[in-house]
Amino acid sequence: KQEVTQIPAALSVPEGENLVLNCSFTDSAIYNLQWFRQDPGKGLTSLLLIQSSQREQTSGRLNASLDKSSGRSTLYIAASQPGDSATYLCAINDYKLSFGAGTTVTVRA
Amino acid sequence: NAGVMQNPRHLVRRRGQEARLRCSPMKGHSHVYWYRQLPEEGLKFMVYLQKENIIDESGMPKERFSAEFPKEGPSILRIQQVVRGDSAAYFCASSPATGGSGNTIYFGEGSWLTVV
């Protein structure tokens, strides 16, 4: 059974600082990994998808890396803004998604 | 192209009543997933369906919960005789093919069930 862990559980940074969110998983037999954002009381917005054959994926200020051999992924958010405040979820796709508990980010203006 | 549509967004039921949650996948998507998010907990997989077939229901409670995805119409998650512990956000997601083919899985806005 796939176990997904996200560290830290919560993070508070001043505006402009770079964010580093970590995700680890136990079974490296995955198809892909997705990072999502969830705002309070809302659904999930897909941020990035990294295929198992890829090492990283970038979209704007977001960059995600994947190291299957060590069972780790990292989401980097450059130059954080108050609008980045949300919960970020890592999900492993081994035909269905297994989620971590998330990292709740607060960016202080 | 409309996204994954869930309704109702908010539902209040008394203990013992039935709750029906509906999900219309994105156009062209034939694979549907249901997840539950309990208060202060992460998202947990419940069931994976294709049209007219349940592929994986390993996350579904054995009693009172059922799901279907008929040939025509939305997918339905049905909870019979609801109890307070069923209060949660229920999310539906869809993909054009099996998630194992590497496709992005898209989520709806969720249905918030409150049992009083």
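Relevant structure appears above.
Residues numbered from 1 in each chain as written. Chains lettered and ligands numbered in written order. Predicted model: local features only at pLDDT ≥ 70, side-chain atom pairs only at ≥ 80, totals over all residues. Heavy atoms only, no water.

Asker: An account of the side chain of Arg36(B) is requested, with residue identities and associated values reported.
Answerer: Residues and elements named next belong to chain B. Mapping Arg36 onto the fold places it in strand β4 (residues 31-37). Although buried, Arg36 forms no salt bridge, and the nearest oppositely charged side chain, Asp86, lies 4.1 Å from it. Setting aside its immediate chain neighbours within four residues, Arg36 contacts Gly42, Leu43, Lys44, Met46, Pro61, Phe65, Asp86, Ala88, Ala89 and Tyr90. (Helix = DSSP H or I, 4+ residues; strand = E, 2+ residues; numbered from the N terminus. Buried < 20%, exposed > 50% of the residue type's maximum accessible area, 1.4 Å probe, protein only. Lys, Arg positive; Asp, Glu negative; His and termini not counted. Salt bridge = Lys/Arg side-chain N within 4 Å of Asp/Glu carboxyl O. Contact = heavy atoms within 4.5 Å.)

Asker: So what's going on with the pattern of salt bridges? Residues and values would help.
Answerer: Pairing is possible between side chains that carry opposite charge, provided their charged atoms lie close to one another. All names here are of chain B. Applying the stated criterion across every chain, the model contains 6 salt bridges over all chains. Residue Arg20 pairs with Glu18 through a salt bridge whose shortest N-O separation is 2.8 Å. Classification of Glu18 by relative accessible area gives partly exposed; the value is 29%. Of the charged contacts, one joins Arg78 and Glu18 as a salt bridge, the two residues approaching to 2.8 Å between their closest N and O atoms. You can see Arg78 sitting in strand β8 (residues 75-79) and its partner Glu18 sitting in the loop between β2 (10-13) and β3 (19-24), a full 60 residues away along the chain.

Asker: Lay out the sheet that holds strand β1 (residues 4-7) of chain A in plain terms, naming residues and giving numbers.
Answerer: Residues and elements named next belong to chain A. Here we have 5 strands laid out as an open sheet, ordered β1-β3-β8-β7-β6, and antiparallel in their pairing. Two strands bound the open sheet, and with one partner strand each, they are β1 and β6 (56-59). Between one strand axis and the next, the sheet turns through 15° on average, direction left out of account. For β1 and strand β3 (residues 19-25), the ladder comprises 4 bridges, and the chain directions are antiparallel. Its bridge partner lying in β3, Gln6 is registered against Cys23. (Pairing = 2+ DSSP bridges. Axes fitted to C-alpha atoms, helices over the stretch in contact; angles between N-to-C directions.)

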